[in-house]
Structures are given as C-alpha cells and as structure tokens.
Amino acid sequence: MVRAADAQRYEFVHALYREVLYGRIAPGRRSTLHLRVGEGLEALYAEQASQFASELALHFEMGGAWPRAIRYWRLAAENAAGRLAHRQAIPLLQHALDLVTNLPEADRGAVEMAVLERLGIFYLGLYEGRQAVEILEKLAERAARCGEIEIQVRALVYLVPVMGRFGAEPAFKLVDRVLPRNEKQKDPVLRAEARMTSLFWRMLASRWDARDIAVCREAFEEIHRSGARMAAASHAHELGFILWSSTQYREALRIAEENLPVLLEAGLMTPYLYLHLIQVWAYQFLGEWGSAVDALAAGIQMAEKNENHVNLCLLRSYLAFVYLDALNFEGARQICETMRPLIPEQDLAIRQLNLKLTGLAEAGLGNCERALELLLEARDSMYRDVM
C-alpha cells in the first residue's frame, strides 16, 4: 500500500488508497492531525518556512488555525509575485480574504485591509480596472469604519489613475475626496505622496497647470529628502513624465534608471510599467532608437512571463511606434498585424491604437487607400466609444 519515496519519506502506491483512508478519519481527528503536521513542518522548515507557504497554509487551514492559514496563503501570494506571476497570486489572496471571516471581529479589520490592499495592487498591475475599483473602494470603506485615515487615503489615491482614464469629471470628483482627507494624515511624507499623485493624474485627465506642476515637483523633493527610497521610486514615473513633457529627456532617463530596479524588486508593476514607458519615450525623442527597442524588448519579455496580455499589447504597440519613428514602416505593420488577434476584445483603447498605427504604417508604405480605411475605422470606433 505504501512504498519508500526516498530515504526519509513514504508515499502511497496509488492515490485512491490515500483518499479512502483519509476519508475514514473522523473530521475532528483529521483537523487535529493537519494542525500537528503543520506545526511540525513549520518547526522543521524554520527560517525557510515561507518557501513552503502553500503546503503550510493548507495544513493550517484544514486544522482550523485561521491566523496562520491566512498568513501562509498571503506568503504564497507574495512568492508568486516574486516570480512576477501576479495572476497566480490573485486567487491565493482571494482565498485568504475568504478565510478572514473566521477571525474574531477584533482581529479581522487589520488583516482584511492588508489583504485587500495587496489584492488591489495586483489588479492594478494587471490592468483589471473593474476589479481594482471594487476591491479598493471596499478597502477605503473598511478603513473609514476602522478610523484608519492613512489606509483610506492610500486606497483612494490608488484609484486616481484608474478613474483618470474615464475622463476629467471622475478624476476631479475622486481628487476632491482625497485632498480633504489627506490633510488629516500626520506623516508629512504620506501627505506629499497623496498630493503628488492626485494632482498629477488630475492634470493628465484635464490639462497642464503650472501651479500643480510646481506642487508635484516640491512634493517629490520632500519625499526624496525624507530618505523614503521606496516611496520616491513609486512616484518617479510622475516626475519622469513631467520632465519628459518638458523636453528634459536625459533627466527623465536618469530618474528611470535610478528607480526601475527598486520598483522591480518590490513587485510594484503598475508604476514600473509607467516609468518603463517614460524611459522608452526619452530614448525615442533623443533619437536613440536601438536603446528604445532594447528597453521595450525587456518589458515585453516580462509581460510574457507574467501573462499580462494588456501590458504585452501596449508594449508591442509602442514598439511599432518606435519602428514608425525610425521609418521602418514594414516592420511596424508586421508588429501591428501580429498582435491584433491578441488584443482583448474589451480593450478598445489598444484596439484603436493598433488601427491608427497600422494605418500610419500603410501610409508610409504608400498604400493610401488601405491607410484611409484603417484610420476611418479607428475614428468610427472612437466615436462609438464616446457615445
């Protein structure tokens, strides 16, 4: 029925034996055994326990040890994020969130908010806007009930870039929620962070404002002077975009090169993507197309590894744009035509961008009728989207 798996372990000859014998164990006894196995493995693995987080989480969950089960499911999610497998991390965090209801009410709030925040960050990194809004609004509501003003402001600030994609009015309404609450935060660095992000994305959703740009620059300097390296890196794309838009391309590149490794190490994929694109644009506007292509190739490889189809299509679109800038019209057309079937049906913005880039490539090749057809299709799609 059993056989030696190696020098220290045995295994069942067939999985059916294991299932039948496991089913015969009384539920109470089974729970006790899972707990004992989990505790034994936790002691055995000691400092390496996080590497076996999924196994430990399962035993502690089956043993009814909810705090430890949640802790190890969260660790398992972070392990997946460390491999840049954010899509694999999400169901692990969702499961941890489901288990939070088993905790006493007094312990539930802090754990629930921690899980919601990481879940929201992962959804943002995968451009899952609807899910991100749902999770982060839930986080803001829970934080308000718990009197956690810092977490509430942070949740709302996470949402500002998402709402900015829907136009100026949603962005303005959200920023109007953020700024009064932000003034209640005690930490000046946290206030500077929230102020910078809110005003930056409000400008992107509407128009440039010299006063808001000055406030953003001052806020970044305040964050940087504080020595909060991770916080500064998280806002580097905002400063980088301001520098790039001001034609300070070398300075934008310096900001990108300093902060991209920090963001990658922390697994903060949304600000990483934004800063990565600013790096590409800076190379492109400096005429260093080879460096722009190399940077995009690295980003595409990462998106493929993470199975992030939205980022993958976006980065390939910018690769086509670089090819257009370098007058390689055939190369740009091939990139666009190859990626078109891969664009998610619901992602109208990237689909429209693909049509426009393909149209420009066809025009460059002298295929004017085909170019006009594609550009008109893009225009009509944009009108339908607005309606």
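The rules behind these values
- Residues numbered from 1 in each chain as written.
- Predicted model: local features only at pLDDT ≥ 70, side-chain atom pairs only at ≥ 80, totals over all residues.
- Heavy atoms only, no water.
- Helix = DSSP H or I, 4+ residues; strand = E, 2+ residues; numbered from the N terminus.
- Areas by Shrake-Rupley, 256 points an atom, 1.4 Å probe, with all protein chains shown as cover.
- Lys, Arg positive; Asp, Glu negative; His and termini not counted.
- Charge placed at Lys NZ, Arg CZ, Asp CG, Glu CD.
- Salt bridge = Lys/Arg side-chain N within 4 Å of Asp/Glu carboxyl O.
- Contact = heavy atoms within 4.5 Å.
- Axes fitted to C-alpha atoms, helices over the stretch in contact; angles between N-to-C directions.
- Parallel < 35°, antiparallel > 145°, perpendicular 65-115°, else oblique.
- Left-handed = near helix turned anticlockwise from the far one by under 90°.
- Nonpolar A, V, L, I, M, F, W, Y, C, P; charged D, E, K, R; others polar.
- Buried < 20%, exposed > 50% of the residue type's maximum accessible area, 1.4 Å probe, protein only.
- Disulfide = S-S within 2.5 Å.
- Phe/Tyr/Trp six-rings, centres within 6.5 Å; stacked < 30°, edge-to-face > 60°.
- Lys NZ or Arg CZ within 6 Å of the ring centre and 35° of its normal.
- pLDDT = per-residue confidence, 0-100.
- Expected span 1.5 Å × (residues − 1).

1. Remarks on the overall build of the protein
Line of reasoning, step 1. When helices and strands are counted, the protein shows 20 helices and two strands.
Line of reasoning, step 2. The dimensions of the protein, computed from C-alpha atoms along their principal axes, are 75 × 50 × 40 Å.
Line of reasoning, step 3. Carbon and sulfur atoms make up 55% of the accessible area of the protein, which amounts to about 20,000 Å² in all.
Line of reasoning, step 4. Mean positive and mean negative side-chain charge positions of the protein (44 and 50 charges, respectively) differ by 4 Å.

2. Observations concerning the pattern of salt bridges
Line of reasoning, step 1. Under the defined criterion, the tally for this structure stands at 22 salt bridges.
Line of reasoning, step 2. One salt-bridge network, in which partners are shared between bridges, spans Glu-39, Glu-42, Arg-68 and Arg-71.

3. As for the side chain of Ser-317
Line of reasoning, step 1. Counting through the fold element by element, Ser-317 comes out in helix α17 (residues 309–325).
Line of reasoning, step 2. Other than its neighbours up to four places away in sequence, Ser-317 contacts Met-339, Ile-350, Leu-353 and Leu-357.

4. Topic: the packing of helix α3 (residues 53–62) against helix α4 (residues 66–82)
Line of reasoning, step 1. Running from N to C, α3 and α4 point in directions that differ by 160°, and their axes come no closer than 8 Å. If you check the angle between α3 and α4, you find them roughly antiparallel. Crossing hand, α3 versus α4: left-handed. From α3, Ala-53, Ser-54, Leu-56, Ala-57, Leu-58, Phe-60 and Glu-61 reach across to α4, where they touch Trp-66, Arg-68, Ala-69, Tyr-72, Trp-73, Leu-75, Ala-76 and Asn-79.
Line of reasoning, step 2. Considering only residue class, the contact of α3 with α4 consists of eleven nonpolar, two polar and two charged.

5. Quick notes on unusual backbone geometry
Line of reasoning, step 1. We note that Ala-46 has phi near 50°; this positive angle belongs to a residue other than glycine.
Line of reasoning, step 2. Considering the arrangement of structural elements, one finds Ala-46 in the loop between α2 (27–45) and α3.
Line of reasoning, step 3. Given a relative accessible area of 47%, Ala-46 falls into the partly exposed group.
Line of reasoning, step 4. With a phi angle near 65°, Thr-247 is a residue other than glycine that sits in the positive phi range.
Line of reasoning, step 5. Tracing the backbone through its elements, the reader meets Thr-247 in the loop between α13 (236–245) and α14 (249–266).

6. Topic: the environment of Ile-70
Line of reasoning, step 1. For Ile-70, the location among the structural elements is in helix α4.
Line of reasoning, step 2. Residue classification places Ile-70 among the buried positions, given a relative accessible area of 2%.

7. Let's talk about the environment of Glu-373
Line of reasoning, step 1. With respect to the secondary-structure elements, Glu-373 resides in helix α20 (residues 368–386).
Line of reasoning, step 2. The exposure class of Glu-373 is partly exposed, given its relative accessible area of 46%.
Line of reasoning, step 3. Taking the C-alpha atoms as reference points, Glu-373 and Gly-359, 14 residues apart in sequence, are found 7.8 Å from one another.

8. With respect to the state of the cysteines
Line of reasoning, step 1. Scanning all chains against the criterion turns up zero disulfides.
Line of reasoning, step 2. No disulfide involves Cys-336; its nearest neighbouring cysteine sulfur is the one of Cys-313, lying 11 Å away.

9. Quick look at the packing of aromatic side chains
The way to describe two aromatic rings as a pair is by their centre distance and the angle between their planes.
Line of reasoning, step 1. All chains considered together, the criterion is met by twelve aromatic pairs.
Line of reasoning, step 2. Ring centres of Trp-244 and Trp-281 lie 5.1 Å apart, and the angle between their planes is 40°; on these two criteria the pair is classed as tilted. Of this pair, Trp-244 sits in helix α13 while Trp-281 sits in helix α15 (residues 269–285); the two residues are 37 residues apart in sequence, bridging distant segments of the chain. As far as the burial class goes, Trp-244 and Trp-281 line up, both buried.
Line of reasoning, step 3. Every member of this aromatic cluster is reached through a ring pair, and the members are Phe-200, Trp-201, Trp-208, Phe-241, Trp-244, Tyr-249, Tyr-274, Trp-281, Phe-285 and Tyr-318.
Line of reasoning, step 4. Here the guanidinium or amino end of Arg-71 rests over the ring plane of Tyr-72, the centre of that ring lying 4.7 Å away.

10. Re the confidence of the model for the protein
Line of reasoning, step 1. Looking at the protein, the pLDDT average stands at 87 and 91% of residues meet or exceed 70.
Line of reasoning, step 2. The secondary structure element of the protein with the lowest average pLDDT is strand β1 (residues 2–4), at 52, and the one with the highest is α13, at 94.

11. Structural notes on the packing of helix α7 (residues 129–146) against helix α8 (residues 149–164)
Line of reasoning, step 1. Closest axis-to-axis distance for the α7/α8 pair is 8 Å, and the angle between their directions is 160°. Put simply, α7 runs roughly antiparallel to α8. Every pair of crossing elements has a handedness; the one defined by α7 and α8 is left-handed. Taken together, the residues of α8 that come into contact with α7 (itself represented by Gly-129, Ala-132, Val-133, Leu-136, Glu-137, Leu-139, Ala-140, Ala-143 and Ala-144) are Ile-151, Gln-152, Ala-155, Leu-156, Tyr-158, Leu-159, Val-162 and Met-163.
Line of reasoning, step 2. In the contact of α7 with α8, the residues fall into 14 nonpolar, two polar and one charged.

12. Structural notes on the side chain of His-59
Line of reasoning, step 1. In this fold, His-59 is placed in helix α3.
Line of reasoning, step 2. Among the residues examined, His-59 registers a relative accessible area of 16% and is labelled buried.
Line of reasoning, step 3. When sequence neighbours within four positions are dropped, the list of residues in contact with His-59 reads His-34, Leu-35, Val-37, Gly-38 and Leu-41.

13. Details of helix α5 (residues 86–99)
Line of reasoning, step 1. Counted at 1.5 Å a residue, the expected span for α5 with its 14 residues is 20 Å, and the 20 Å between its end C-alpha atoms agrees.
Line of reasoning, step 2. Every buried residue belonging to α5 is among His-86, Ala-89, Ile-90, Leu-93, Ala-96, Leu-97 and Leu-99, and all of these are buried.
Line of reasoning, step 3. At its buried positions, α5 is contacted by α3, α4, α6 (105–125) and α15.

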